[in-house]
Amino acid sequence: MDLEKYLFKYVRVDTIYGDTIVGYVDMFCTAEENGEPYFDSIGIIPSRAARAGIELDESEIKSIEEI
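Residue positions are given per chain, counting from 1 as you read along its sequence in written order. In keeping with the predicted nature of the model, local features appear solely for residues at pLDDT of at least 70, side-chain atom pairs appear and are counted solely at 80 or more, and the whole-chain, interface and lining totals rest on all residues. Side-chain numbers here rest on the full set of heavy atoms in the structure, without hydrogens or water.

Undergrad: Quick one: what's the story with the environment of Asp-2, residue by residue and with numbers?
TA: To qualify as a helix, a DSSP run of H or I must reach at least 4 residues; to qualify as a strand, a run of E must reach at least 2; elements of each kind are numbered from the N terminus. Its location among the elements puts Asp-2 in the segment before strand S1 (10-15). Residues Asp-2 and Ser-41 lie 39 residues apart in sequence; the distance between their C-alpha atoms is 10.0 Å.

Set out below in structure tokens:
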């Protein structure tokens, strides 16, 4: 899954936990930057003006689409 292509875009993410998260991808980290467990990750905020959000790694994402 190429998460980097979603950087600075609005997305809808379905997680393996059954949640759907809609927001703006403001951060991308490679597996090497994350260390263990060695997955790429993205940070999603509710809007571009938000100061806090959620970080999801590749293993937690069931599907992702740009909206």
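Undergrad: Outline the packing of aromatic side chains, supporting the account with residue identities and numerical values.
TA: Pairing of aromatic side chains here covers Phe, Tyr and the six-membered ring of Trp, requires ring centres within 6.5 Å, and sorts the geometry by plane angle: under 30 degrees stacked, over 60 edge-to-face, intermediate tilted. For the coordinates displayed, the defined rule picks out 1 aromatic pair. When the ring of Tyr-10 is compared with that of Tyr-24, the centres are 5.0 Å apart and the planes differ by 55 degrees; the resulting orientation is tilted. With a gap of 14 residues between them, Tyr-10 in strand S1 and Tyr-24 in strand S2 (residues 20-29) connect regions that are remote in the sequence. Only protein chains enter the accessibility calculation, which uses a 1.4 Å probe; a residue whose area is less than 20% of its type maximum is buried, one above 50% is exposed, and one in between is partly exposed. For Tyr-10, a relative accessible area of 34% gives the class partly exposed. The class of Tyr-24 is buried, set by a relative accessible area of 8%.

Undergrad: Kindly report on the pattern of salt bridges, identifying the contributing residues and their values.
TA: By convention in these notes, a salt bridge is any Lys or Arg side-chain nitrogen within 4 Å of a carboxyl oxygen on Asp or Glu. This structure, assessed with the given rule, holds 2 salt bridges. The salt bridge partner of Lys-9 is Glu-66, with a shortest N-O separation of 3.9 Å. Of this pair, Lys-9 sits in the segment before S1 while Glu-66 sits in strand S5 (residues 61-66), and the two are 57 residues apart along the sequence. The partly exposed category is assigned to Lys-9, whose relative accessible area is 30%. As a salt-bridge pair, Glu-65 and Arg-12 come within 3.1 Å of each other at their nearest N and O atoms. Taken as a pair, Glu-65 in strand S5 and Arg-12 in strand S1 lie far apart in primary sequence, 53 residues in all. A relative accessible area of 40% places Glu-65 in the partly exposed class.

Undergrad: Could you give an account of the pairing of S2, naming the residues involved and the relevant values?
TA: We treat two strands as partners when DSSP finds at least two bridges between them. As paired elements, S1 and S2 share 5 bridges and run antiparallel to each other. Note that in S2 the partner of Val-11 across the bridge is Gly-23. Connecting S1 to the antiparallel partner S2 that follows it, the hairpin turn spans 4 residues, and Gly-18 within it adopts a positive phi of roughly 95 degrees. For S2 and strand S3 (residues 41-45), the ladder comprises 5 bridges, and the chain directions are antiparallel. Following the sheet pairing, Met-27 is matched in S3 by Gly-43.

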